[in-house]
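Here are the chains, one letter per residue:
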Amino acid sequence: MSLYDDVVLVLKDYEDQPELRDEYLEHLEAHPDGVYKPCRAGHITGSALVVDPVGERVLLTLHKKLGMWLQMGGHCEPEDTTIAGAALREAVEESGIASGLTLLPGGPVRLDRHPIPAPCNWHLDVQYAALAPAGAVAEVSEESLDVRWFPYAEVAAVADASVVRLLEATRARL
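What comes next concerns the included structure.

What counts and what doesn't
Residues numbered from 1 in each chain as written. Predicted model: local features only at pLDDT ≥ 70, side-chain atom pairs only at ≥ 80, totals over all residues. Heavy atoms only, no water. Helix = DSSP H or I, 4+ residues; strand = E, 2+ residues; numbered from the N terminus. Rg over C-alpha atoms; globule rule 2.2 N^0.38 Å. Buried < 20%, exposed > 50% of the residue type's maximum accessible area, 1.4 Å probe, protein only. Contact = heavy atoms within 4.5 Å. Areas by Shrake-Rupley, 256 points an atom, 1.4 Å probe, with all protein chains shown as cover. Phe/Tyr/Trp six-rings, centres within 6.5 Å; stacked < 30°, edge-to-face > 60°. Lys NZ or Arg CZ within 6 Å of the ring centre and 35° of its normal. Core = buried A, V, L, I, M, F, W, Y, C linked by side-chain atoms within 4.5 Å. Pairing = 2+ DSSP bridges. Polar contact = N/O pair within 3.5 Å; in protein donor to acceptor, adjacent residues only side chain to side chain. Expected span 1.5 Å × (residues − 1).

Remarks on the overall build of the protein
And step 1. Assigned secondary structure in the protein consists of five helices and eight strands.
And step 2. Shown N-terminal to C-terminal, the secondary structure of the protein runs as helices and strands in the order α-α-β-β-β-β-α-β-β-β-β-α-α.
And step 3. By the compact-globule yardstick of 16 Å for 174 residues, the protein fits well, its C-alpha radius of gyration being 15 Å.
And step 4. When the backbone C-alpha atoms are referred to their principal axes, the protein occupies close to 45 × 30 × 30 Å.
And step 5. Within the protein, the fraction of its 174 residues that count as buried is 46%.
And step 6. Sequence separation of 24 or more characterises 66% of the internal contacts of the protein that already satisfy a separation of 6 or more.
And step 7. In the structure as shown, the protein presents an accessible area of about 8600 Å², 53% of it carried by carbon and sulfur atoms.

Rendered as structure tokens:
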């Protein structure tokens, strides 16, 4: 199965946000290359909010290009075979947590469509939650200026509304 096929199946199984889910599916139907960065009309991305439910905290990255605290995530790569795998790969790369991250069962937690600078137009983000192992130590990647654990209660003060919504959906699923 191709990454494209996997994304379509994941989206068809995703029951929340039906209007946005349908927009994603229509986009992919119109753009068979819509899972990769070169698709200028917009492309699928995979992300994961790294959480430590025991410590009631999340790990955010200070994005190098955007200067914003965000969840881990990014573009699908040719070697990715599933969108969940792409999201987990990005979480591992950007968090520096080399082993023990696992995706929260049940598929994506949310979808988030957001504009990006030209030449592309949109990121169609498929958002997961990743559970951190006990005692996980994060390291700054070359894509980040910093990584830091934030208590749930502090996320709204440092991150944008999309991260807050992702945290709320993750906590509801936990």
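Points about the packing of aromatic side chains
And step 1. Applying the stated criterion across every chain, the model contains one aromatic pair.
And step 2. A cation over an aromatic ring shows up here: R57 above the ring of W149, its NZ or CZ 4.0 Å from the ring centre.
And step 3. Sitting above the plane of the W122 ring, R113 keeps its charged end 3.7 Å from the centroid.

A closer look at the nonpolar core
And step 1. In terms of nonpolar packing, the biggest core is built from 32 residues, with V7, Y24, I44, V50 and I83 touching the most fellow members.
And step 2. Counting residues per element, the ones that place at least two in this core are α1 (3–13), α2 (18–30), β1 (43–52), α3 (83–95), β7 (122–131) and β8 (144–151).
And step 3. The element contributing the most residues to this core is α1, with five residues.
And step 4. Excluding its chain neighbours within four sequence positions, the residues that come into contact with I83 are L3, D6, V7, V10, I44, T45, G46, C76, V126 and Y128.

Here's the deal with the pairing of β1
And step 1. Among the 10 residues of β1, 10 are classified as buried, and the element is accordingly described as predominantly covered.
And step 2. Side chains H43, T45, S47, L49 and V51 project from β1 onto one buried face, and the interleaved I44, G46, A48, V50 and D52 project onto a second face that is buried too.
And step 3. Sheet topology note: the β1/β7 ladder contains nine bridges and is parallel. Paired with G46 across the two strands is V126, which belongs to β7.
And step 4. Sheet topology places β1 next to strand β4 (residues 72–75); four bridges connect them, and they run antiparallel. By the bridge assignment, S47 is partnered in β4 with G73.
And step 5. Note: β1 against strand β2 (residues 57–63), three bridges, orientation antiparallel.

Thoughts on the side chain of S144
And step 1. One can find S144 in strand β8.
And step 2. Only 2.4 Å separates the side chain of S144 from the side chain of T61, close enough to count as a polar contact.
And step 3. Residues within four places of S144 in sequence aside, it is in contact with T61, L62, K64 and E94.

Focus: α3
And step 1. Taking 1.5 Å of rise per residue, 13 residues should cover 18 Å, and α3 covers 18 Å from first to last C-alpha, within 8% of that figure.
And step 2. The set of residues buried in α3 consists of I83, A86, A87, R89, E90, A91, E94 and S95.
And step 3. For α3, the secondary structure elements touched by its buried residues are α1, β1, β2, β4, β7 and β8.
And step 4. Structurally, the start of α3 carries an N-cap: the backbone nitrogen of G85 is 2.8 Å from a side-chain oxygen of T82.

Quick look at the environment of L25
And step 1. With respect to the element layout, L25 can be found in helix α2.
And step 2. Put simply, L25 and L11 are 14 residues apart on the chain and 7.2 Å apart in space, counted from C-alpha to C-alpha.
And step 3. Excluding anything up to four places from it in sequence, L25 contacts V8, L11 and K12.

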